[in-house]
Amino acid sequence: MRIASLLLAATLAGCTVGPDFIRPQAPTATAYQPAGEAVSSRAVLGTGPEQRWWTAFGSPQLNALVDRALTNNRSLAASNATLAASLDELRAVSGRRLPQIDANARADQQQVNLAGFGFSGVNPLASGGNPEFHLYSVGGGISYDLDLFGGLRRQVEQSAARAEAQQRQTEAAHLTLAGQVVNQVLTIAALRAQIATANRLLAEDQRNVDLTQKRRAGGEGTLVEVLNAQSQYAADRSDLPQLDQQLAEARHLLATLIGIAPAELEPTDFDLAQLALPPSVPVALPSELVHRRPDILQAEAELHAAAAGVGVATARLYPDITLGATLTQGAPAVGDLVKNAFRGYDLFAGLTAPIFHGGTLKAERAAAINRAKASEATYQQTVLNAFGQVADLLSAIQSDARSVANQSESLSVAERSRHLSRRSFEVGNSGILQVLESERLYQRASNGLVLARTRQFLNVARLYVATAGGWRPKRRAASRRE
C-alpha cells in the first residue's frame, strides 16, 4: 500500500515523523467513454470551460441572475464565513510554533495564621494580632517547544490541508449555485413554453366547441360531438393549474437562490428561443479534470490532512523538550517593584516522554493510519464518480441531439395531420373524434419537443458544471506540496 511506503520513507527521513504527502498521480485515461461508443461532436476535449461558463448561453439576464446569486446567496455566505474561519484556525495553529510570551501582575494581601505554624504560645491579642503582609508582583515568561519530531509542524500541515479542503468545498458551492440558477432559468423557460402550448391547444379546443355547436344548430352535427368537444376542452384546461404551480415553485426557488424573498423577484419571462445552445462545449481531459474539479481537489486535500494526522499521532510517541524563562519583580510596596533587590528569574528546560499509556498512543497512531487509508479510497472513488458523471453527460448530449431531431420531425407530421383532419371535419368528411385525436398527437409532439430541447440545454449546463473549475478566492488556503 502507498500509505505504508510513505510511513517507512518518513521514518527513515529524520526528525519530522509521519508520511510526507505526495500528490496522487493523474490518471492515464485519455477519454471518458468506452471505445466504440458514440461521441457527440458538441463536446470538444481540451482544457475545459472558462470560469464564467454560463455566459455561453448568450443571455444577459441569465448572467445577471448568476452574478446576483454569487453575491447574495445566504448559504454561500455561510460557506465563505466557514472558509474564513478555517483560515483563522490555520493561523492559530501556526502561532504555536513560535515562542509563547505571557505577562502577569498580581496584588496580594495576607494575614499569617501563626497558630497554624505551631506558634501556640503566641497571644495574637497581646502582640497586636496575626501579622498582615502586602505583596505586589509583575513579571512575564517565555516558552518554546523545540518540536523535536515535528508534531507541531504536522499539526500546521494538517490544519493547512483542512483549510484547503474547506476552500475547495466553497469553490464547489459557487459552481453548484451557478448550475442551480441556470437550471431554474431553463426550467422556467420550459414551463412557460408548455403553458403557451397548452393555451394554444385550449384555443383550438374552444374553436372545436364553437364549430360543433354551429354544426348542430345547422342540423349537420350531433349532441355527442358537442359533448366530446366540451369534454376535451375541460380535460385540457385541468392541466394548466399544475403547470402554473410548477412555474410558481420554480420562480420561488430562483428567488431564494439569488438571496431575495419570492415577493421581491422581478418578472422572469425566459424563453428557450432567446437562449443560445453553445455549438461546442470544451471538456477537460481526465488528467486535467482531477486538477480542476473542486470535489476531487477537496478529497485530495482531505487525504493530505489525514496523512499529516499520521505524523501528529506518531510524534506523540516520542519525547518533547520545552525551553523557557520567567522574570518576576515582587515587593511589599508598589514603589519597590522597580528595584533590583526584588527581582527574580527562572531559566528552565523541560522534558516529557511517554512511558506507559495503556496502548492509547499506539492505538491513536493506528487509527490515524486507517483514516488515511480511508481517505485514499474516498479520493479514488471521487475520481471514478466524476469520470462516470462526465461519461453519462457526454452520452446524454449525443442522445439529446437525436431526440430533438426526432421530436421536430414528429411535430411536423402532427401539425400536418391536425391541419388535414380539421379541414376534413369542416367539409363534413370526418367526425370530431378524428380532429381531437390529431390535436392530442400534436400536443404530445409539441410538449415532447419542448422537453427534448430543455433536456438538451440542461445536460449541456450539467456538463459545464461537471468539467468547469471552481470559483477562485482572493487568497489561497495553503500552498501544496507537489
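What you are looking at is a predicted structure, and each value in this text was computed from that prediction instead of being measured.

**Student:** Got a sec to walk through the confidence of the model for the chain? Specific residues and values, please.
**Tutor:** The share of residues in the chain with pLDDT of 70 or more is 93%, and the mean pLDDT across the chain is 86. Helix α1 (residues 2–13) is the least confidently modelled element of the chain, averaging 40 in pLDDT, while helix α8 (residues 294–315) averages 96, the highest of any element. Of the regions scoring below 50 in pLDDT, residues 1–14 engages in 19 contacts with residues more than four places distant in sequence or in other chains. In this model residues 475–482 is a low-confidence stretch, pLDDT under 50, and it forms 26 contacts with partners more than four residues away in sequence or in other chains.

**Student:** Please give an account of the packing of aromatic side chains that cites residues and values.
**Tutor:** A full pass over the atoms with the stated rule returns six aromatic pairs. Relative to F387, the ring of Y32 has its centre 5.7 Å away and its plane inclined at 80°; by these criteria the two rings are edge-to-face. Of this pair, Y32 sits in the loop between α1 and β1 (43–46) while F387 is found in helix α9 (residues 360–426), placing the two residues 355 residues apart along the sequence. Both residues of the pair, Y32 and F387, belong to the buried class. Here F149 and Y318 contribute two aromatic rings whose centre-to-centre distance is 4.6 Å and whose plane-to-plane angle is 25°, an arrangement assigned as stacked. Of this pair, F149 sits in the loop between β3 (132–145) and α4 (151–217) while Y318 sits in the loop between α8 and β5 (320–331), and the two are 169 residues apart along the sequence. Connected via pairs of aromatic rings, a cluster forms that spans W53, W54, F57, F457 and Y464. Here the guanidinium or amino end of R418 rests over the ring plane of Y442, the centre of that ring lying 4.0 Å away.

**Student:** Please provide a residue-by-residue account of the packing of α9 against helix α10 (residues 432–467), values included.
**Tutor:** Contact geometry for α9 and α10: axes closest at 7 Å, N-to-C directions at 160°. In terms of orientation, α9 lies roughly antiparallel with respect to α10. Crossing handedness for the pair α9 and α10: left-handed. Considering only residue class, the contact of α9 with α10 consists of 20 nonpolar, 14 polar and eight charged.

**Student:** Could you give an account of the side chain of T197, with specific residues and numbers?
**Tutor:** Summarising the element assignment, T197 is placed in helix α4. For T197, a relative accessible area of 5% translates into the label buried. Ignoring any residue separated from it by four or fewer positions in sequence, one finds T197 in contact with S446 and N447.

**Student:** Provide a residue-level description of the sheet that holds strand β2 (residues 100–111), including the pertinent values.
**Tutor:** Taken in spatial order, the four strands line up as β2-β3-β5-β6 in an open sheet, and their pairing is antiparallel. The two strands at the open ends of the sheet, each matched to only one other strand, are β2 and β6 (343–352). Mean inter-strand twist for the sheet, computed between neighbouring axes without regard to direction, equals 20°. As paired strands, β2 and β3 are joined by 12 bridges and run antiparallel to one another. Paired with R106 across the strands is S137, a residue of β3.

**Student:** Mind laying out the environment of T467, listing which residues take part and the relevant values?
**Tutor:** Positionally, T467 belongs in helix α10. For T467, a relative accessible area of 0% gives the class buried. With 78 residues separating them in the primary sequence, T467 and Q389 have C-alpha atoms 9.7 Å apart. Excluding its chain neighbours within four sequence positions, the residues that come into contact with T467 are P49, P282, V283, A284, L289, R292 and V390. Within the structure, T467 has its side chain in polar contact with the backbone oxygen of L463 (distance 2.9 Å).

The rules behind each value
- Sequence order as written defines residue numbering, which begins from 1 separately in each chain.
- The predicted origin of the model limits local features to residues at a pLDDT of at least 70 and limits the giving and counting of side-chain atom pairs to 80 or more, whereas totals for whole chains, interfaces and linings rest on all residues.
- Only hydrogens and water are removed before side-chain values are computed, so all heavy atoms of the structure are retained for them.
- pLDDT is defined as a per-residue confidence score from the predictor, taking values between 0 and 100.
- Only DSSP runs of H or I covering at least 4 residues are called helices, and only runs of E covering at least 2 are called strands; the numbering of each starts at the N terminus.
- Only heavy atoms matter for contacts: two residues are in contact if any of them lie within 4.5 Å across the pair.
- In summary, the pairing rule links any two rings of Phe, Tyr or Trp, Trp by its six-membered ring, whose centres are within 6.5 Å, and it sorts them by plane angle into stacked for under 30 degrees, edge-to-face for over 60 and tilted for everything else.
- Burial classes follow relative accessibility: with a 1.4 Å probe on protein chains only, a residue under 20% of its type's maximum area counts as buried, one over 50% as exposed, and anything between as partly exposed.
- Charge-over-ring contacts are defined here by two conditions on Lys NZ or Arg CZ: a distance within 6 Å of the ring centre and an angle within 35 degrees of the ring normal.
- Note on geometry: axes are C-alpha line fits, over the in-contact stretch for helices, and angles between N-to-C directions span 0 to 180 degrees.
- Orientation categories follow fixed angle ranges, with anything under 35 degrees roughly parallel, anything over 145 roughly antiparallel, 65 to 115 roughly perpendicular, and all other angles oblique.
- Whether a crossing is left-handed or right-handed is set by the direction in which the near helix is turned from the far one by less than a right angle, anticlockwise for left-handed and clockwise for right-handed.
- When residues are grouped by polarity, Ala, Val, Leu, Ile, Met, Phe, Trp, Tyr, Cys and Pro land in nonpolar, Asp, Glu, Lys and Arg in charged, and all others, Gly among them, in polar.
- Should DSSP find at least two bridges between two strands, the strands are taken to pair.
- Here a polar contact is taken to be a pair of N or O atoms separated by no more than 3.5 Å, where protein atoms must pair a possible hydrogen donor with a possible acceptor and residues adjacent in sequence count only if both atoms sit in side chains.

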